[in-house]
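Listed below are the residues making up each chain.
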Amino acid sequence: MEKQNEVVVFGTWASAYCTRVEIALALKGIPYEYKEEDLTNKSESLLYYNPVHKKVPVLVHNGKSIAESLVILEYIDDCWKHAPKLLPEDPYLRAKLRFWANFYDQKFMASATQIIMSRGEERERAIKDFGEVLKVFEDGVKKDIPAEFPCFDGKNLGFLDIVVGTIACNYEAFHEAVAVIFSPETNPTFWSWVTALKNHPLMKEMLPPHDKLVAVMRQKYFQSA
């Protein structure tokens, strides 16, 4: 198994959840070894380090494993306490950021799946439902979190920036492969946020290549359609 005193990330290149972990480590300046997994033929190491879900991402630090991207992000911030911090010190703000990160992962992915699996008028309804979920998210973040923290300032990526950006910044691939689900006309605040995130050097460096991601989406989503 992995050597002691090393940081190892098990992931797949197309996974936004894995990209989150790599971005957080890069922001902190933590060197790590990356191991690409074939999820159709999972390695013994992956099954050893994540025997419950058998999924990526998995972070292995000093021989101990942590699974689930949101949990890993918090672990990274708690373990390597130097700047930049992903989460604020204030317990209330930390709790609110966790809440909206969980909302984003749970509600957005469920809504996106409905769009992927539907056609015609059913898809139009699914896109409308997605827009309503997005509005709840936008309004909630504006209400619960001071503007200076979640709204990306062009320099410092925070916890919610990483959670949102690693999925939403791939919107062009989703629009090309599946359907247009948001735009500057329908969601100007969210669009501005995502556009700013896309221009961050780490996002540019670590997001998957557009054409490859479109091909993977088409293969994955429409095999079962």
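These numbers come from a predicted model, not from an experiment.

Caption draft 1: Just the overall build of the protein, in detail. The helix and strand tally for the protein stands at ten helices and four strands. N-terminal to C-terminal, the α/β element order of the protein is β-α-β-α-β-β-α-α-α-α-α-α-α-α. Seen through its principal axes, the protein has C-alpha atoms that stretch 55 × 45 × 30 Å. Out of the 225 residues belonging to the protein, those deemed buried represent 48%. Contacts in the protein between residues far apart in sequence, at least 24 positions, make up 71% of those at least 6 positions apart.

Caption draft 2: Examining helix α8 (residues 188–198) more closely. Within the span of α8, buried status applies to Phe190, Trp193, Val194 and Leu197. One face of α8 carries all of its buried residues, which in axial projection span an arc of 95°. Buried residues along α8 sit against α4 (91–117), α5 (120–144), α6 (159–168), α7 (171–177) and α9 (201–206).

Caption draft 3: Region of interest: α5. Taking 1.5 Å of rise per residue, 25 residues should cover 36 Å, and α5 covers 36 Å from first to last C-alpha, within 8% of that figure. If you check which residues of α5 are buried, you get Arg123, Ala126, Phe130, Val133, Leu134, Phe137, Glu138, Gly140, Val141 and Asp144. Those residues of α5 that are buried are in contact with α4, α6, α8 and α10 (210–222).

Caption draft 4: Just the sheet that holds strand β1 (residues 7–11), in detail. The four strands lie next to each other as β2-β1-β3-β4, forming an open sheet whose pairing is mixed. This sheet does not close on itself; its edge strands, each paired only once, are β2 (33–36) and β4 (64–67). Each strand of the sheet is rotated relative to its neighbour by a mean of 20°, with strand direction disregarded. Judged from the four bridges that link them, β1 and β2 form a sheet pairing that is parallel.

Caption draft 5: Geometry of the pairing of β4. Sheet topology note: the strand β3 (residues 58–61)/β4 ladder contains four bridges and is antiparallel. In the sheet register, leucine 59 faces β4, and the bridge partner there is isoleucine 66. Once β3 ends, the chain turns through two residues before running back antiparallel as β4, passing asparagine 62 with a positive phi of about 55°.

Caption draft 6: Main features of the packing of α4 against α5. Packing of α4 against α5 brings their axes to within 9 Å, and their N-to-C directions diverge by 175°. On the basis of their axis angle, the class for α4 and α5 is roughly antiparallel. Of the residues belonging to the contact of α4 with α5, the class tally is 17 nonpolar, three polar and four charged.

Caption draft 7: Geometry of the side chain of threonine 166. Among the secondary structure elements, threonine 166 is positioned in helix α6. Polar side-chain contacts of threonine 166 include one of 3.2 Å to the side chain of arginine 20. Residues in contact with threonine 166, not counting those within four places in the same chain, are Ala16, Thr19, Arg20, Ile23, Met203 and Leu207.

Definitions and limits used
Residues numbered from 1 in each chain as written. Predicted model: local features only at pLDDT ≥ 70, side-chain atom pairs only at ≥ 80, totals over all residues. Heavy atoms only, no water. Helix = DSSP H or I, 4+ residues; strand = E, 2+ residues; numbered from the N terminus. Buried < 20%, exposed > 50% of the residue type's maximum accessible area, 1.4 Å probe, protein only. Contact = heavy atoms within 4.5 Å. Arc of directions from axis to C-beta. Expected span 1.5 Å × (residues − 1). Pairing = 2+ DSSP bridges. Axes fitted to C-alpha atoms, helices over the stretch in contact; angles between N-to-C directions. Parallel < 35°, antiparallel > 145°, perpendicular 65-115°, else oblique. Nonpolar A, V, L, I, M, F, W, Y, C, P; charged D, E, K, R; others polar. Polar contact = N/O pair within 3.5 Å; in protein donor to acceptor, adjacent residues only side chain to side chain.

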